[in-house]
Amino acid sequence: MSSAGLWRIIRLGAVGLVLAAAVAGLVLGDEWLWMAVEWSPLGGVWLYTDAGFDTPTTVTLIVAAPVKAALLWLILRTPRRGTLDRRAKALRALLYLMVAYTLVLWLPIELLPDVVDAVFSLVLWAAVYVLYLLVIRWRSPGLRAAAGVVFAVELALTANGVLDRLDLPEFGPSDVLAVSSALSPVVATVLTVVGQWRDGRWSRGTLVAGWSSVGLYALILPFDRLMDEIFRDGTVAMPVVWNTIALVTTVWHAATARELAAESRPAAGPSPARRRVNRVLVAAVTVLPLTVLIQPEEAAHLTYSGGSSDCYYRPAFGDLKPEERDAAFLCRARSTEGGVSPMFPDSMSDQAILAYGRVLCRTDDRDEQQAILARAGSTRSTWGVDLWDLVYVCPETVGATRPDLLRSTAETRADYADDIAEANARCRDPWPRTKGVVQATANYFLFVDGDPGYLVYDPELEEAAEEATDRSYDDSTGIGVAGTAALVGHVADVSDVCLTVKAFRTAPPPRTAGWDQVSEVPLISRSGRLSVPEMDGGEVGAGAPMPNLAIKGKGRYRLRVYIRVNDVAEEHLVVVFPGASRKKLKLKS
């Protein structure tokens, strides 16, 4: 069997499969009918259809199935035989890749990040446009130059979309860009069809498909409005209509690739000098639109906005490469975190913000900083600037007084661990010879301002913790008890205490000598756990792991607390043992 016969069988099979799938979809249900006709998953379409497709949508799908099958038959026509040079071969391959993308490849690419799809489209269209200029016989340098200008504008606009997805500086919004975005695809298609007509290799059917593609752009705006209105009524017929007629553009691309076979070219071509002039002209008209679209620095686009995803956290200075530090400062300067206004006006360029940041680095006087911010038009001129923001633009200045701000995350964690270990090392077990079933000694870090103390509680029943805190203020022992939680207050005005916890199977002797205060209260464990909160990366809690003090599981326990204050620290000894008594005892006041 010849290749032409085999290809015809493939075309018949593809078209037959489409029609058969549509018939099967009528039997199997709306979702199968949609996939058979639209060649895509149903996805978010269900959001507009509460209880399946309405009659207009179903009828539209049934009518669209044979229409799309006919268009697919035209798309899959066998390429025309003939000699192709390497440029024409490359253009044919890229056009068929574009057709394959429209029909099937868009689905797997859609599963990747949006930027992948945008970059793929930019690279594909850039190659196609360049080959259009080289392969089509325009018969007119002026027409070729005009096509080069329009192609360059279209690629610049596509590149602008890629920059937006990458959160990189864009050309910036403007009326010129808005008009260019609307007109450049239309003009590019018109010039390409005119070039094909002047070339003479393409048939009337291909040119008709090309002109029909131009007509599609005129329908985009009214179709968008119609779809918005109809979506509100719960029907999705219009997207089906649009996706069907949009295949005309795919038919044009496929026909352009199919009829690329070279014919006899004119014997006499341009002279070498004329070719060089044409190349310079094409290069000039390709580059000039890009330079026109780039705005001057005084109207620079903002690299980051307050809501940019890259600005949601404050990176450690030591984690950044030198080339990343300016971007970090721009994030902080434009941040609206916490609902506050940005440090500088939204209209200020990146370079101006960086310049103001370096000026602010040269003064540590708050009033002078406020004056500088006021000159910059900042709405935060009454606040000044924090060193942890300025460190990104002047590390040598900030580091002289705050070397801790130059650390990396790993260094900060290591210093944090060293500080915790040093604090824990200052605390000693006050009963070293009396070993509990479980026990631990650590420094317990409190909030600097107003922290009443620490909890001994059932961590799986935290609702009692707040009640225990409230009761601690009214109890003469400073211990508030609320069933499964006890809040132990501190005596001195301190920011931490040395805490030792021990659990025993029976009550140990009181041994109150050497302690300022000894109290005993009841406590319940309903889950089989009693413990003390740990820091666990925070700022409050025990600096070392705390054991489960409910050594007999669920039940009633007694909690005895020893407290004393010396020149070094405030020491607490917490003793837990089983006991059914519900009395509160003051063993030593």
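The structure contained in this document is the topic of the report that follows. All figures in this text were calculated on a predicted structure; none of them were measured in a lab.

In this section: the packing of aromatic side chains. Any aromatic ring pair is given by two values, namely how distant the centres are and how the planes are angled relative to each other. As enumerated under the stated definition, the model contains nine aromatic pairs in all. Seen from their ring centres, Trp125 and Tyr129 are 5.2 Å apart, and the 40° between their planes marks the pair as tilted. Linking Trp125 with Tyr129, this pair stays in helix 5 (residues 114-135), spanning four residues, or about one helical turn. Here the aromatic rings of Tyr132 and Phe151 are separated by 6.2 Å at their centres, their planes lie at 45°, and the arrangement is tilted. Of this pair, Tyr132 sits in helix 5 while Phe151 sits in helix 6 (residues 141-165), and the two are 19 residues apart along the sequence. Each member of the pair Tyr132 and Phe151 is classed as buried. Here the guanidinium or amino end of Arg511 rests over the ring plane of Trp431, the centre of that ring lying 4.4 Å away.

So, about the sheet that holds strand 4 (residues 485-489). Read across the sheet, three strands follow the order 2-4-3 without closing on themselves; strand pairing throughout is antiparallel. Looking at the sheet topology across the chains shown, the edges are occupied by strand 2 (453-457) and strand 3 (479-481). Averaged over neighbouring strand pairs, the angle between their axes works out to 20° when direction is ignored. Sheet analysis places strand 3 next to strand 4, joined by three bridges and oriented antiparallel. Pairing of Val481 across the sheet is with Ala486, part of strand 4. Contacts between helix 18 (residues 463-472) and the sheet are confined to strand 2, strand 3 and strand 4, with strand 4 contributing the most and set at about 40° to the helix.

What follows is about the environment of Val135. Note on placement: Val135 falls in helix 5. Spatially, the C-alpha atom of Val135 lies 9.8 Å from that of Lys89, the residues being 46 residues apart in sequence. Contacts of Val135, omitting those with residues within four sequence positions, involve Arg87, Ala88, Leu91, Asp199, Arg201 and Leu260.

A word on the state of the cysteines. For the structure shown, the criterion picks out two disulfides. Residue pairing for Cys427: its cysteine sulfur links by disulfide to Cys498, the two sulfurs lying 2.1 Å apart. Taking the sign of the S-S torsion, -75° for the link of Cys427 and Cys498, the bridge is left-handed. A residue pair is termed long-range when its members are at least 10 positions apart, and Cys427 in the loop between helix 17 (409-425) and strand 1 (438-445) and Cys498 in strand 5 (residues 496-503) qualify at 71 residues. Take Cys427 and Cys498: they sit in the same class, and that class is buried.

Here we take up the pattern of salt bridges. All told, the structure shown has 15 salt bridges when counted by the stated rule. One salt bridge connects Asp199 with Arg137, and the closest N-O pair in it is separated by 3.5 Å. Residue Asp199 is located in helix 7 (residues 175-199), and its partner Arg137 is located in the loop between helix 5 and helix 6; the two are separated by 62 residues in the primary sequence. For Asp199, a relative accessible area of 3% corresponds to the buried category.

You will see that Arg139, though not glycine, has its phi angle at about 65°, which is positive. Inspection of the secondary structure puts Arg139 in the loop between helix 5 and helix 6. With a relative accessible area of 44%, Arg139 lands in the partly exposed category. In the Ramachandran plot, Arg511 falls in the positive-phi region, its phi being about 45° despite a non-glycine side chain. With respect to the helices and strands, the residue Arg511 is situated in the loop between strand 5 and strand 6 (517-525).

Thresholds applied
- Along each chain, residues carry numbers from 1 onward, in the same order as the chain's sequence is written.
- Reporting in this predicted model follows two pLDDT cut-offs: at least 70 for local features of residues, and 80 or more for side-chain atom pairs to be given and counted; totals over whole chains, interfaces and linings ignore these cut-offs and use all residues.
- Side-chain measures were taken over the full set of non-hydrogen atoms in the model, leaving aside hydrogen atoms and water.
- When the centres of two rings from Phe, Tyr and Trp lie within 6.5 Å, Trp using its six-membered ring, the rings pair. Their planes under 30 degrees apart give stacked, over 60 give edge-to-face, and anything left gives tilted.
- A run of H or I in DSSP becomes a helix once it reaches four residues, and a run of E becomes a strand once it reaches two; helices and strands are each numbered from the N terminus.
- Buried residues are those whose accessible area, probed at 1.4 Å on protein chains only, stays under 20% of the maximum for their type, while exposed residues exceed 50% and partly exposed ones sit between those limits.
- For a Lys NZ or an Arg CZ to count as sitting over a ring, it must be within 6 Å of the ring centre and within 35 degrees of the ring normal.
- A pair of strands is considered paired only if DSSP assigns at least 2 bridges between the two.
- With axes taken as lines fitted to C-alpha atoms, and helix axes fitted only over the stretch in contact, angles between N-to-C directions fall between 0 and 180 degrees.
- We call two residues in contact when some of their heavy atoms are within 4.5 Å.
- Here, a disulfide means two cysteine sulfur atoms that sit within 2.5 Å of each other.
- Any carboxyl oxygen of Asp or Glu that lies within 4 Å of a side-chain nitrogen of Lys or Arg is treated as forming a salt bridge with it.

Read these as geometric descriptors, not functional statements.
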